[in-house]
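Descriptive analysis of the structure
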Amino acid sequence: MNGSMQIHTPKERLRARQEGERRARTCLVQLICIVSILRTALTRLLPLAGNGAWWLTLGCMLPGAAVFAALRLSMRLTKTATIADLVRACLGRSGGWLACAVLAALTFLDGAASITALITLFTEGVGTRGTQLTLALLTGAVLLACLHREGLPRGVFLLRRTMLAAALVTAGFGLPAVRTDSLFPLLAEGEASLSAAFRAGWSITWPLTLLLTIPQEDGKRQVAAVCPVALTVAAVLLFIALTNPHELLARRASLADSLLLPTRYATPALQMLAQCLMMLAFFFAIGGAALLSSELICAPMGHAPDWLPWAGVILLVAGQAIPAHRLWALLGAAEPWLLVPLAALGAVCLPNAIIRRDRT
């Protein structure tokens, strides 16, 4: 083995291990962002915007990107490593607690939306036998068996290329159905429909803020981590727009039908591959939400109890006692407002950070 590739000292080994954990955590958060954005785009924006959802989603990503940029700039000015450190520096210890509690609550709500989508996909989409609660209990039992503070991020990191390969195979078999007529911006059912879609999805990129909870030696990595998320979302939505007619996309459908719509007319083998990929992504997103929310709520203490992520999974499963359609409606009513508390943090922290820099 080349000597330059070997790690000799304990300090170097520790640094390499920390870097590996940061990369794994970043990969997990990126997956949560992609699942969250695509879930909202497929179920909220496509029925309103049709083929125009691919470019409208990019527009909906701008407010969240602006909040992310404001918080990242504030962190740079105050020389803090995470968003919790930033708010603590600007608003004191109580502010740090508040920021962590807000992020934990938002992440938990995202996990509730993902598990609702997954269970509905089981019960109404692929036709799995079982009730909503029994399938939720089964999903929760599997999560409890594999949920681990380091194991889950590592699992996502190791499977990232496998999931990418499955997505590319799905896209490859769908290429004959591509119609370039849908490439040009469409107005869906009119300006009123686009306006309604934007109001439903303007906070779609709030999960990007979770990237700021992972300390990086080089702050540019936090910004660079946004690029794979944006490119993946744009590619998936553009592919859906090019392979499905506008009349099919711009129609009101159930939650399961909306999730399965991109491959509704594909071959059975391709449908199975796409559904397995979707289920795996939802599964990781649910586990990631339980893990991150538990760590965020305890971040000011510096340590989260090992049992807390399991408690989060149990709460997510218990939420499935509410009928899926009612729970989905409640979560849909809350989604447009998820970016508001983060935007408020940015509006408070950025001026404070500028003032602090001028004083120094």
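Quick note: structure is the one above.
Let me begin by describing the structure that accompanies this report. Since we're looking at a predicted model, the values are computed, not measured.

With that settled, consider the overall build of the protein. Tallying secondary structure elements over the protein gives 15 helices and 0 strands in all. Whereas a compact globule of 360 residues would reach a radius of gyration of roughly 21 Å, the protein reaches 21 Å, a difference of no more than 12%. Judged by the C-alpha coordinates and their principal axes, the protein covers about 60 × 50 × 45 Å. Across the 360 residues in the protein, those meeting the buried criterion constitute 49%. Accessible surface computed for the protein: about 17,200 Å², of which carbon and sulfur atoms make up 67%. Where the 30 positive side-chain charges of the protein centre and where its 18 negative ones centre are 6 Å apart.

With respect to the secondary-structure elements, Thr107 resides in helix α4 (residues 93–125). Look at Thr107 and you get buried, because its relative accessible area is 1%. Here Leu103 takes part through its backbone oxygen, which lies 2.7 Å from a polar atom of the side chain of Thr107. Residues within four places of Thr107 in sequence aside, it is in contact with Trp206, Leu210, Ala289, Leu292, Ser293 and Leu296.

For the rest of this paragraph, the subject is the packing of helix α1 (residues 10–49) against helix α7 (residues 191–201). Running from N to C, α1 and α7 cross one another at 170°; their axes reach a closest spacing of 8 Å. Taken together, the axes of α1 and α7 lie roughly antiparallel to each other. Side by side, α1 and α7 meet where Leu45, Leu48 and Ala49 of the first sit next to Ser193, Leu194, Ala196, Ala197 and Gly201 of the second. Looking at the contact of α1 with α7, its residues break down into 6 nonpolar, 2 polar and no charged.

Parameters and conventions
- Residues numbered from 1 in each chain as written.
- Predicted model: local features only at pLDDT ≥ 70, side-chain atom pairs only at ≥ 80, totals over all residues.
- Heavy atoms only, no water.
- Helix = DSSP H or I, 4+ residues; strand = E, 2+ residues; numbered from the N terminus.
- Rg over C-alpha atoms; globule rule 2.2 N^0.38 Å.
- Buried < 20%, exposed > 50% of the residue type's maximum accessible area, 1.4 Å probe, protein only.
- Areas by Shrake-Rupley, 256 points an atom, 1.4 Å probe, with all protein chains shown as cover.
- Lys, Arg positive; Asp, Glu negative; His and termini not counted.
- Charge placed at Lys NZ, Arg CZ, Asp CG, Glu CD.
- Polar contact = N/O pair within 3.5 Å; in protein donor to acceptor, adjacent residues only side chain to side chain.
- Contact = heavy atoms within 4.5 Å.
- Axes fitted to C-alpha atoms, helices over the stretch in contact; angles between N-to-C directions.
- Parallel < 35°, antiparallel > 145°, perpendicular 65-115°, else oblique.
- Nonpolar A, V, L, I, M, F, W, Y, C, P; charged D, E, K, R; others polar.

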